[in-house]
Amino acid sequence: MKLLLKREYSKHLTKGSLSLEGKLLCKTLEPSVKSKPNPCAEALYRLAYDYDDDRGWYLYFEADARRIEIRNNSVTAAKDCIVPVTCFKKGIPMFSRLACRKLTDKLMDYMEQGEEVWLEIYSEFKPSKQNPWKLNPQNTLQGQEA
């Protein structure tokens, strides 16, 4: 089984949509591309699950010698974490704990039956640390010269 995480990069947060077979499971939040360390690279990762006494069951994958967790957490405090959310209301993430619980329960059922679950992370546009546009003296946008 393969999940698709489509990222949308912005200055402060990276938002995403997590889907399975074309059906949206939940939205996601990650730290910004400009944060240190950066979110994991766009690639294909094998998911696994683990248990923590304080927060219960959670999903994770290995990327760039780091353990990236998919769990309910504060995005500002989570450097190696993808946070599932149900929706956004006026830009504010809503029902993170519920989205995380539903996602973990659904995927753990598949994993316990012996099925491998993969996560493919992609975006339509690659992130850039440079601003490709600037205002010229006439206040119109023009492409930045390389």
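Residues numbered from 1 in each chain as written. Predicted model: local features only at pLDDT ≥ 70, side-chain atom pairs only at ≥ 80, totals over all residues. Heavy atoms only, no water.

A. Quick peek at the overall build of the chain. Per the secondary structure count, the chain includes one helix and 13 strands. Secondary structure of the chain in N-to-C order comes out as β-β-β-β-β-β-β-β-β-β-α-β-β-β. Across the chain, every contact between residues at least 6 apart in sequence was considered, and the portion connecting residues at least 24 apart equals 47%. Summing over all exposed atoms, the chain offers an accessible surface of approximately 9500 Å²; the carbon and sulfur share of this is 51%. (Helix = DSSP H or I, 4+ residues; strand = E, 2+ residues; numbered from the N terminus. Contact = heavy atoms within 4.5 Å. Areas by Shrake-Rupley, 256 points an atom, 1.4 Å probe, with all protein chains shown as cover.)

B. Summary view of empty space enclosed by the protein. Summed over all chains, the structure comprises two cavities of 30 Å³ or more. Lining the largest cavity, in full, are Glu 30, Pro 31, Pro 39, Cys 40, Arg 66, Ile 68, Lys 79, Asp 80, Cys 81 and Ile 82. Within the residue set of the lining of the largest cavity, elements represented by two or more residues are strand E3 (23-31), strand E7 (66-70) and strand E8 (81-85). In terms of residue class, the lining of the largest cavity is made up of six nonpolar, no polar and four charged. (1 Å grid on protein atoms, 1.4 Å probe; cavity = no way out; pocket = protein on both sides within 12 Å on 5 of 7 lines; lining within 4 Å. Points joined across faces, edges and corners; volume = space filled by probe spheres on them. Nonpolar A, V, L, I, M, F, W, Y, C, P; charged D, E, K, R; others polar.)

C. Quick look at the pairing of strand E5 (residues 48-52). Bridge count between E5 and strand E6 (residues 56-63): five bridges; the pairing is antiparallel. For Ala 48, the partnering residue across the bridge sits in E6 and is Tyr 60. Between E5 and E6, which pair antiparallel and follow one another directly, the connecting turn spans three residues. (Pairing = 2+ DSSP bridges.)

D. Representation of helix H1 (residues 96-112). Helix length check: H1, at 17 residues, gives a terminal C-alpha distance of 24 Å against a target of 24 Å (1.5 Å per residue), a fit within 8%. Those residues of H1 that fall on the buried side of the exposure criterion are Ser 96, Ala 99, Cys 100, Leu 103, Thr 104, Leu 107, Met 108 and Met 111. Looking down the long axis of H1, one finds its buried residues gathered within 145° of arc, a one-sided arrangement. Along H1, the residues that are exposed and aim more than 90 degrees away from the buried face are Arg 101, Lys 102 and Glu 112. Two residues or fewer past H1, Gly 114 is found with a positive phi of approximately 95°. (Expected span 1.5 Å × (residues − 1). Buried < 20%, exposed > 50% of the residue type's maximum accessible area, 1.4 Å probe, protein only. Arc of directions from axis to C-beta.)

E. Local environment of the nonpolar core. By size, the foremost hydrophobic cluster in this structure holds 21 residues, and its most contacted members are Leu 3, Leu 47, Phe 61, Ile 70, Leu 107 and Leu 119. The set of elements that each furnish at least two residues to this core consists of strand E1 (2-9), strand E2 (13-20), E6, E7, H1 and strand E11 (118-123). Ranked by residue count, the leading element in this core is H1, at four residues. (Core = buried A, V, L, I, M, F, W, Y, C linked by side-chain atoms within 4.5 Å.)

F. Fine view of the pattern of salt bridges. Enumeration over the complete set of coordinates arrives at seven salt bridges. Arg 7 is the salt-bridge partner of Glu 30, the closest N and O atoms lying 2.8 Å from each other. One end of the pair, Glu 30, is in strand E3; the other, Arg 7, is in strand E1, and 23 residues separate them in sequence. For Glu 30, a relative accessible area of 2% corresponds to the buried category. When the shortest N-O distance is used, the salt bridge between Arg 66 and Asp 80 registers 3.1 Å. One end of the pair, Arg 66, is in strand E7; the other, Asp 80, is in the loop between E7 and E8, with 14 residues separating them in the sequence. (Salt bridge = Lys/Arg side-chain N within 4 Å of Asp/Glu carboxyl O.)

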